[in-house]
Amino acid sequence: MYYDVVIVGAGPGGAIAAKTLDDSNLSVCLIDTKPREKIGEKVCGDAVGKEFFDFLYEKINLEYPDEEVKDRIDGIKVFSPDRKTVFNVETKEGGYMLDRHKFGQHLLRQIKNVHLMSNTKFTDFYEKGIIVERKEDGVKNEKIECKIVIDASGFNAVVRKRTNNNNNNNNNNNNINNNNNNNNNNNNNNNNNNNNNNNNNNNNNNNNNNNNNNNNNNNNNNNNNNNNNNNNNNNNNNALLLMEKDIAQNDMAICYREIKKYNFEDPHHCHIYLSNKFSPGGYVWEFPEGEHLNVGLGVLYPSAPKKQYAQYAKFMGEKFLNSEIINAGGGISPTRRPVDSLVAMQNGIGIMLVGDAACQVNPIHGGGIGQAMRAGYFAGMAIKKIYERNGRDGIGKISLNDLWEYNSYYMQNYGGTIASLDLFRIFLQNLSDEEVNSGMSSGMIKEDDLIKISEGEEINLSIVEKIMRLSKGLSALSIAKKLAYTVKKMKEIKELYKNYPSPEKFFEWKKNVERIYEDLRKHI
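Values in this document were obtained by computation on a predicted structure and should not be read as measured data. (Residues numbered from 1 in each chain as written. Predicted model: local features only at pLDDT ≥ 70, side-chain atom pairs only at ≥ 80, totals over all residues. Heavy atoms only, no water.)

Visitor: Which residues make up the overall build of the protein chain, and what values do they have?
Guide: From N to C terminus, the protein chain includes 15 helices and 16 strands. Relative to its 524 residues, the protein chain shows a buried fraction of 56%. For the protein chain, contacts bridging at least 24 residues in sequence account for 73% of all contacts bridging at least 6. Surface summary for the protein chain: the accessible area is close to 22,400 Å², and the carbon and sulfur share equals 43%. (Helix = DSSP H or I, 4+ residues; strand = E, 2+ residues; numbered from the N terminus. Buried < 20%, exposed > 50% of the residue type's maximum accessible area, 1.4 Å probe, protein only. Contact = heavy atoms within 4.5 Å. Areas by Shrake-Rupley, 256 points an atom, 1.4 Å probe, with all protein chains shown as cover.)

Put into structure tokens, the structure is as follows:
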């Protein structure tokens, strides 16, 4: 069985990648572990901005959701922990609360030429493609030959975690091969081809191995500091990989959500409550869905979200506690900058990441539906361009440099915004409830700041503004210093992403990004 492109995961990102490739002359297969009729079911906040649909309607004629919409959203209200201060963030185009199951089926109906293989699980790579398990047919080791695999499998990132990043095809840059070879002791899972390449280069690199290993150890130590020593093994594995296999535990939000039959007092507005008491490191959400309420919370690992939710439900009172539960469940979401490289090579097969597998999620509020769909479109367009550029059989000539076009475009246009929001997340997570109350009520953190940050814009703290904010009281001096330093680092990281590098300069760029994170954590 052969396909030019296999897309793993039929969620919003994978479905839009398939829709984008639907009119190409490429053979494309979309696989998903769920039966077709259950595709779309997921525990989620269900909110998405209308601007994503405007974009995709223009680009690929994606139909707007209609009966899949539970409610329309005009804005978001953000409450301080003591609930005395409220920031009202009106959205430019409005948004939707989606029925995720109906929406998943809505996306599938718009894909005409891509072959859907439901009830199918990706298990591994082989030398010419991937191995899948066909659950419905009881087939456990079916091989699918392919040239490109898009990982849109969600937070589990089943493809990314099996990618060895050997990058050994002839068109790849030698600097990347050398970096991988010098660190072959850190990559025990590399395949035989990679080992052969390392052996060929050992003589050339013998004199440099000790220095390189020392540098690698320093990099690993820095990574461990960045992750508060929570994830030593992950950092060692990720040190010099193009595409990180693992995500640090303190970059994960663990969520619990209920759909309740509950009369919400503020229709068409999403409520977000900042509170370390109920949602340490995260927030509580209440999103209206017509007659129902989508309510839940996300907490920083290793907090227990269901236990925290029970405390919140008790705080809300008897009416909330006794309201009928329509649906309940939990999940995990990445809350960090995008994976530093969204592409890699595996045995000559191109790998691309989309959606939660790529950590393309807003780190402040965890929204990922729109971001995944947009990335799916860009991944699909990048594949089309490879095909058009290299001729009719051009997909067979795939190289890292071809894939890098998707990497560069996404990072330069959107990666910097997500990374800057990630730094602001770290700033917020290091504030106590009392500091957030003080900052919001005194004007230290302004409503306008929150709007700008949510839209990826920069906060401009002039000297006059800093003095005005500091004059609110000496007790807020610490917050002001932390905020000013965070804003400085947010600008620095956006500049780095605007200058996202070519493959040969990737590891130097990655070190500069990690240095910004290390600096921020030291100062706040």
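Further notes follow.
Visitor: Describe the pattern of salt bridges, and please don't skip the residues or the numbers.
Guide: All chains considered together, the criterion is met by 24 salt bridges. Notably, a salt bridge pairs R336 with E244, separated by 3.1 Å at the nearest N-O pair. One end of the pair, R336, is in the loop between β14 (325-334) and β15 (343-346); the other, E244, is in the loop between α6 (232-238) and β10 (252-261), and 92 residues separate them in sequence. Salt bridges sharing common partners tie together E244, R336, R337, D340, K510 and E514. (Salt bridge = Lys/Arg side-chain N within 4 Å of Asp/Glu carboxyl O.)

Visitor: How would you explain unusual backbone geometry if you had to name every residue and give the values?
Guide: Each neighbour pair has its own omega, and for Y301 with P302 the value is 10 degrees, a cis peptide bond. With respect to the helices, strands and loops of the structure, P302 is situated in the loop between β13 (292-300) and α7 (305-316). With phi around 70 degrees, D46 is a residue other than glycine that occupies positive phi space. Counting through the fold element by element, D46 comes out in the loop between β2 (28-31) and β3 (47-49). Overall, the relative accessible area of 3% leaves D46 in the buried class. Here the phi dihedral of N61 falls at roughly 60 degrees; this positive angle occurs in a residue that is not glycine.

Visitor: An account of the environment of T335 is requested, with residue identities and associated values reported.
Guide: Among the secondary structure elements, T335 is positioned in the loop between β14 and β15. A relative accessible area of 8% means that T335 is categorised as buried. Placed 24 residues apart in sequence, T335 and C359 show a C-alpha to C-alpha distance of 7.2 Å. What T335 contacts, discounting residues up to four positions off in sequence, is D251, M252, A253, P363, D422 and R425.

Visitor: Give me the lowdown on the nonpolar core, citing residues and values where you can.
Guide: With 110 residues, the main nonpolar core has M352 and Y406 as its most contacted residues. Among the elements that take part in this core, helix α10 (residues 400-429) stands out by supplying 14 residues, more than any other. Contacts of Y406, omitting those with residues within four sequence positions, involve L342, V343, M352, L353, V354, Q360, A375, F378, A379 and A382. F79, I254, Y312 and A313 belong to the second largest nonpolar core, which has 16 residues in total. (Core = buried A, V, L, I, M, F, W, Y, C linked by side-chain atoms within 4.5 Å.)

Visitor: Before we move on, could you go through the side chain of Q308 and cite the residues and values that matter?
Guide: Position of Q308 among the secondary structure elements: in helix α7. A polar atom in the side chain of Q308 sits 3.2 Å from the backbone oxygen of K277. (Polar contact = N/O pair within 3.5 Å; in protein donor to acceptor, adjacent residues only side chain to side chain.)

Visitor: Any chance you could break down the packing of helix α1 (residues 12-21) against helix α9 (residues 369-390) for me, citing the residues and the numbers?
Guide: Contact geometry for α1 and α9: axes closest at 7 Å, N-to-C directions at 35 degrees. Every pair of crossing elements has a handedness; the one defined by α1 and α9 is right-handed. Packed against α1, whose contacting residues are P12, G13, I16, A17, T20 and L21, the element α9 presents I369, A372, M373, G376, Y377, G380, M381, I383 and K384 at the interface. Here the contact of α1 with α9 is composed, by residue class, of ten nonpolar, four polar and one charged. (Axes fitted to C-alpha atoms, helices over the stretch in contact; angles between N-to-C directions. Left-handed = near helix turned anticlockwise from the far one by under 90°. Nonpolar A, V, L, I, M, F, W, Y, C, P; charged D, E, K, R; others polar.)

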